[in-house]
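Breakdown of the fold
Single-letter residue listing:
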Amino acid sequence: MLFDHCAECQRCCHVDAGYPPLEVSLTHLETKQHGRICIQNACTHLGPQGCELGEDKPLSCKLYPLSFEPQSRTFHFDVDCPLKVPYFEQLKDPASQASQHVSQMVSEVRQLEKSDPEFLKTNYAIDADYFELEALPINVMVSF
């Protein structure tokens, strides 16, 4: 399974030495629930099997390794994520985990465009500053 590797890798939940802390962007509702999440070295919610927040995991974390750019309404991918090659390959299959992930994120983004567009702007600004992003292949772009 594609995302099974995430619990082992946990790269996205760590900040390498010498890099500034990563402020996890939160929706209005997540801010009420979590207050603030900032990764100094390793996320405080990271356990041996991955994130311990379960269903309460922030959307920006669920979205990763994708990032949504609200101005162009396009999705980008963190090129340093080890899942890049298998993720892009799976996008050719509409029933794959990668395709399902994109579909789920499209649904979440559509809701947030109405309820919390500032989150989308803030999340992309953080992602664009922190990660090296690459647009998803054009043949998998999702129309809204």
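Our structure's up above, just so we're on the same page.
About the thresholds
Positions within a chain are numbered from 1, following the residues in the order the chain's sequence is written. Totals for whole chains, interfaces and linings use all residues, but because this is a predicted model, local features are given only for residues with pLDDT of at least 70 and pairs of side-chain atoms are given and counted only at 80 or more. As a rule here, side-chain values cover all heavy atoms of the structure and leave hydrogens and water aside. Where helices and strands are cited, they refer to DSSP runs of H or I of at least four residues and of E of at least two residues respectively, numbered from the N terminus. For every residue, the accessible area obtained with a 1.4 Å probe (protein chains only) is divided by the maximum for its type, and the residue is called buried under 20%, exposed over 50%, and partly exposed between those limits. Residues are treated as being in contact if the distance between any of their heavy atoms lies within 4.5 Å. We get accessible surface area from the Shrake-Rupley algorithm with a probe of 1.4 Å; when it comes to residues, only the shown protein chains can shield them. Working convention for charge: Lys and Arg count positive, Asp and Glu count negative, and His plus the chain ends are omitted. The atoms used to mark charge sites are NZ of Lys, CZ of Arg, CG of Asp and CD of Glu. The pairing criterion for strands is at least two bridges between them, as found by DSSP. Orientation is described by lines fitted to C-alpha atoms, with helices fitted over the stretch in contact, and by angles between N-to-C directions that extend from 0 to 180 degrees. Working definition: a ring pair exists when centres of Phe, Tyr or Trp rings (six-membered ring for Trp) sit within 6.5 Å. Plane angles under 30 degrees give stacked, over 60 give edge-to-face, the rest tilted.

**Digging into the overall build of the protein**
Looking only at helices and strands, one finds six helices and seven strands in the protein. Counting helices and strands in the order they occur from the N terminus, the protein gives α-β-α-β-β-β-α-β-β-α-α-α-β. In terms of overall dimensions, the protein has a C-alpha envelope of 35 × 35 × 30 Å along the principal axes. When burial is assessed residue by residue, the protein has 40% of its 144 residues classed as buried. Sequence-distant contacts in the protein: of pairs separated by 6 or more residues, those separated by 24 or more amount to 67%. By element, 51% of the accessible surface of the protein is carried by carbon and sulfur atoms, the whole surface being about 8400 Å². Within the protein, the 21 negative side-chain charges are centred at a point lying 6 Å from the centre of the 11 positive side-chain charges.

**Side note on the sheet that holds strand β6 (residues 74–78)**
Spatial ordering of the open sheet is given by β5-β6-β7, a layout of three strands whose pairing is antiparallel. On the outer flanks of this sheet lie β5 (66–69) and β7 (133–135), each paired with one strand and no other. Strand-to-strand, the axes of this sheet are offset by a mean angle of 40°, without reference to chain direction. Across three bridges, the pairing between β6 and β7 is antiparallel. Each bridged residue has a counterpart across the sheet, and for Asp78 the counterpart in β7 is Leu133. Its contacts with the sheet put helix α6 (residues 117–130) on β5, β6 and β7, and the angle it makes with β5 is roughly 125°.

**Here's the deal with the packing of aromatic side chains**
Where two aromatic rings form a pair, the distance of their centres and the angle of their planes describe that pair. Applying the stated rule across the entire model yields six aromatic pairs. Taking the centre distance of 6.2 Å and the plane angle of 75° together, the rings of Phe3 and Tyr87 count as edge-to-face. Highlighted residues: Phe3 in the segment before α1 (4–9) and Tyr87 in helix α4 (residues 84–90), separated in sequence by 84 residues. Measuring from ring centre to ring centre gives 5.6 Å for Tyr130 and Phe131, while their planes differ by 75°; the resulting arrangement is edge-to-face.

Honestly, that's just the spatial picture; any functional story needs more than this.
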